[in-house]
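Chain and residue survey
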Amino acid sequence: MTDLERARKLSDQVASRVDERLYGMREPLRLVLVGILTGSHVLIDDVPGVGKTTLVRMLASLLGLSFRRVQFTPDLMPTDITGASILDLRTNEFEFRRGPLFTQVLLADEINRATPKTQAALLEAMQEHQVTADGTTYPLPEPFFVLATQNPIELEGTFPLPEAQLDRFLLRVRLGYPPEAEEERILTTRAEERGIPGEPLADLPSLSDLQQAVGDVRMEHPVRRYVIALARATREHPELAVGVSPRAVEQMGDAARAFALLDGRDYVLPDDIKSLAEPAFIHRLVPTTDARIRDRTPEEILREVIRSVDVPTEFRED
């Protein structure tokens, strides 16, 4: 079986199992899988009760990855997640006790409820996959992903994520509400059927092999130029104070390749870029003061940018 077939099979298997517990999640689930295949972090930004925490727990279980959940609160300290040096009275020496950050999947629940100091403690882990404490660097397990959640409508007692931290997230994903027919299935599901799978998928392909295969997916010159045109259009838009960063362009390339791989293709289509433009770019855009006064949202502005940039219709080798 080729890497393309393995990736497509993994996507279908995970979607099928998740659909037994969470309904209407296939598109958001695919975006989270894109984050996992690129070794990146994903921000799940949606209202309470739509299945954010359940989705992350199911993914970790189905993929056979270690999982820890941290409920972020205003009194959470950086050492509560990274760990701290504790005096061992038997040896009279300090010993580093690892915190919940030392896992493969960290669910940072309601991340915007923690203070900026605690949020900043994640930056080194997210960027370098390591933690430095008392001058000693400790590597994190591989693979390592932060899947964070936040509630976009409840602002009291929250601390907005700084731009530097938002830029570390590959995608911002909205789960949304399930379609009407799918929502009716919720009322037909017995309580004992609502558990989290305890065993990983059978014949699970190697995540490291699939991550390597992402780099083999082709992105032809017209598609690359399309990504650059979108990025530059956000920087030049009069209603945006901050447009898309070069890091976002780089991550868009990774995300588009993983998106195509999960679809069983070894090449990226312009439609892949259009599908990923909002989740990959929206959390990095900062409207001008005048745009905010006029209640212009980043979503509205980005959609205008996408409409203004011509989509390539021809492909050719360099």
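See the structure printed just above.
My aim in this report is to walk through the structure given alongside it, one point at a time. These numbers come from a predicted model, not from an experiment.

Checked against the element boundaries, Gly176 lands in the loop between strand S9 (169–173) and helix H7 (180–186). Judged by relative accessible area, Gly176 falls into the partly exposed class, the value being 30%. Counting along the chain gives 125 residues from Gly176 to Gly51, while the straight-line C-alpha distance between them is 9.5 Å.

Within the secondary structure layout, Gln119 lies in helix H5 (residues 116–128). Here Ile111 takes part through its backbone oxygen, which lies 3.4 Å from a polar atom of the side chain of Gln119. Among all residues touching Gln119, those that are not within four sequence positions of it are Ile111, Asn112, Ala114, Phe159, Pro160, Leu161, Pro162 and Gln165.

Another aspect to go through is the pattern of salt bridges. Enumeration according to the criterion identifies 22 salt bridges in this entry. Across the salt bridge formed by Asp263 and Arg8, the nearest N and O atoms sit 3.8 Å from each other. Residue Asp263 is located in the loop between helix H10 (246–262) and helix H11 (270–281), and its partner Arg8 is located in helix H1 (residues 3–18); the two are separated by 255 residues in the primary sequence. Residue class for Arg8 comes out partly exposed when judged on its relative accessible area of 37%. With a shortest N-O distance of 3.4 Å, Arg303 and Glu278 are connected by a salt bridge. Residue Arg303 is found in helix H13 (residues 298–308), and its partner Glu278 is found in helix H11; the two are separated by 25 residues along the sequence. Here the salt bridges do not stand alone but share partners, grouping Arg8, Asp12, Arg30, Asp263, Arg265 and Asp272 into one network.

Right, let's talk about the sheet that holds strand S1 (residues 41–45) for a bit. If you walk across this open sheet you meet the 5 strands as S2-S5-S8-S1-S9, and the pairing is parallel. Bordering the open sheet on either side are strand S2 (67–71) and S9, each of which pairs with just one other strand. Geometrically, the sheet is characterised by an average inter-axis angle of 20 degrees between neighbouring strands, direction not taken into account. For S1 and S9, the ladder comprises 4 bridges, and the chain directions are parallel. In the sheet register, Leu43 faces S9, and the bridge partner there is Arg172.

A complete count under the given rule lists 2 aromatic pairs for this structure. With a centroid separation of 6.1 Å and an interplanar angle of 70 degrees, the aromatic rings of Phe96 and Phe102 are classed as edge-to-face. Both rings, one in Phe96 and one in Tyr138, keep their centres 4.2 Å apart while their planes meet at 10 degrees; by these two values the pair is stacked. With Phe96 in strand S4 (residues 93–98) and Tyr138 in strand S7 (residues 136–139), this pair connects stretches of sequence that are 42 residues apart. For Phe96, a relative accessible area of 13% corresponds to the buried category. With a relative accessible area of 17%, Tyr138 lands in the buried category. Ring pairing ties together the aromatic residues Phe96, Phe102 and Tyr138, which thus form one cluster. Just above the ring of Phe259 sits the side chain of Arg30; from NZ or CZ to the centre is 3.7 Å. If you follow Arg265 out to its NZ or CZ, it ends over the ring of Tyr267, 5.7 Å from the centre.

Now for the nonpolar core. Among the nonpolar cores identified, the biggest contains 72 residues, and Val14, Val18, Ile273 and Phe281 are the most heavily contacted of them. At 10 residues, the largest contribution of residues to this core is made by H10. The contacts of Phe281, once residues within four sequence positions are left out, are Leu230, Val244, Ala248, Met252, Leu276 and Leu302. Residues Ala114, Val131, Tyr138 and Leu140 belong to the second largest nonpolar core, which totals 26 residues.

Both strand S3 (residues 83–88) and S4 contribute to a ladder of 6 bridges, which runs antiparallel. Following the sheet pairing, Ala84 is matched in S4 by Arg97.

Here the focus is H10. For H10, built from 17 residues, the straight-helix expectation of 24 Å at 1.5 Å per residue is met to within 8% by its first-to-last C-alpha distance of 25 Å. Taken across its 17 residues, H10 has 12 buried, putting it largely inside the fold. Residues Ala248, Val249, Gln251, Met252, Gly253, Ala255, Ala256, Ala258, Phe259, Ala260, Leu261 and Leu262 constitute the buried set of H10. The inward-facing, buried residues of H10 abut H1, helix H2 (26–37), S9, helix H8 (207–214), helix H9 (221–236) and H11. Looking one or two residues beyond H10, the residue adopting positive phi is Gly264, at roughly 80 degrees.

What counts, and where the lines are drawn
Residues numbered from 1 in each chain as written. Predicted model: local features only at pLDDT ≥ 70, side-chain atom pairs only at ≥ 80, totals over all residues. Heavy atoms only, no water. Helix = DSSP H or I, 4+ residues; strand = E, 2+ residues; numbered from the N terminus. Buried < 20%, exposed > 50% of the residue type's maximum accessible area, 1.4 Å probe, protein only. Polar contact = N/O pair within 3.5 Å; in protein donor to acceptor, adjacent residues only side chain to side chain. Contact = heavy atoms within 4.5 Å. Salt bridge = Lys/Arg side-chain N within 4 Å of Asp/Glu carboxyl O. Pairing = 2+ DSSP bridges. Axes fitted to C-alpha atoms, helices over the stretch in contact; angles between N-to-C directions. Phe/Tyr/Trp six-rings, centres within 6.5 Å; stacked < 30°, edge-to-face > 60°. Lys NZ or Arg CZ within 6 Å of the ring centre and 35° of its normal. Core = buried A, V, L, I, M, F, W, Y, C linked by side-chain atoms within 4.5 Å. Expected span 1.5 Å × (residues − 1).

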